[in-house]
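Fold and contact review
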Amino acid sequence: QVQLVESGGGLVQAGGSLRLSCAASGTIFSINAMGWYRQAAGKQRELVARITKGGSTKYADSVKDRFTISRDNAKVTVYLQMSSLKPEDTAVYYCSADSSQYVNIIVGVQYWGQGTQVTVSS
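About the criteria used
- Residues numbered from 1 in each chain as written.
- Predicted model: local features only at pLDDT ≥ 70, side-chain atom pairs only at ≥ 80, totals over all residues.
- Heavy atoms only, no water.
- Core = buried A, V, L, I, M, F, W, Y, C linked by side-chain atoms within 4.5 Å.
- Buried < 20%, exposed > 50% of the residue type's maximum accessible area, 1.4 Å probe, protein only.
- Helix = DSSP H or I, 4+ residues; strand = E, 2+ residues; numbered from the N terminus.
- Contact = heavy atoms within 4.5 Å.
- Pairing = 2+ DSSP bridges.
- Axes fitted to C-alpha atoms, helices over the stretch in contact; angles between N-to-C directions.
- Patch = residues over 30% accessible without salt bridge, like charges linked within 9 Å, V, L, I, M, F, W, Y side chains within 5 Å.
- Areas by Shrake-Rupley, 256 points an atom, 1.4 Å probe, with all protein chains shown as cover.
- Salt bridge = Lys/Arg side-chain N within 4 Å of Asp/Glu carboxyl O.

1. Details of the nonpolar core
- In this structure, Leu-4, Met-34, Trp-36, Leu-80, Met-82 and Tyr-93 are the most contacted members of the largest nonpolar core, which totals 29 residues.
- Those elements that provide at least two residues to this core are strand 1 (2-7), strand 3 (18-26), strand 4 (34-39), strand 5 (46-51), strand 7 (67-72), strand 8 (77-82), strand 9 (91-97) and strand 11 (116-121).
- Setting aside residues no more than four positions away along its own chain, Met-34 makes contact with Leu-4, Cys-22, Ala-24, Arg-50, Ile-51, Ile-69, Arg-71, Val-76, Val-78, Cys-95, Ser-96 and Ala-97.

Encoded structure:
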């Protein structure tokens, strides 16, 4: 089993920045790709960004050039630096992890964190 614990959410004004962190524990040897998803009220969960252990990344079009995903493989921690935040970025942000070597393919069990709320005021 893999446990994911997110931190860093909160309330920020439009145009501001936030940094989310997610630390993995448990059966971490099985983890390769890690990522961030978000779910706004009344909407489906959607991919925000994803990164493999080798550093390949994928972003949703809506966050390209504003968000940056990175990771510390030694700490098995993934980060999401969010800048130029917009009210439409308001959502619960979830960390995920799975064993895939590819950003476009999820392999095996996809583990989830408990979520952290990000609220962007206009």
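After presenting the structure, the write-up continues.
2. Regarding the sheet that holds strand 3
- In space, the 4 strands of this open sheet follow the order 1-3-8-7, with antiparallel pairing throughout. Only two strands of the sheet have a single neighbouring strand rather than two, namely strand 1 and strand 7. Going from strand to strand, the sheet's axes swing by 15 degrees on average, the running direction of each strand aside.
- One ladder, built from 6 bridges, connects strand 3 with strand 8; its direction is antiparallel. Within strand 8, the residue paired with Arg-19 across the bridge is Gln-81.

3. A look at a nonpolar patch on the surface
- A cluster of nonpolar side chains, namely Tyr-102, Ile-105 and Val-107, defines an oily patch on the protein surface of about 280 Å² accessible area.
- Considering the arrangement of structural elements, one finds Tyr-102 in the loop between strand 9 and strand 10 (111-112).

4. Quick look at the pairing of strand 9
- The element strand 9 is largely enclosed, with a buried count of 6 among its 7 residues.
- As defined by bridge partners, strand 4 adjoins strand 9 across 6 bridges and the pair is classed as antiparallel. In the sheet register, Tyr-37 faces strand 9, and the bridge partner there is Tyr-94.
- Examined bridge by bridge, strand 9 and strand 11 share 3 bridges and lie antiparallel to one another. Following the sheet pairing, Tyr-93 is matched in strand 11 by Thr-116.

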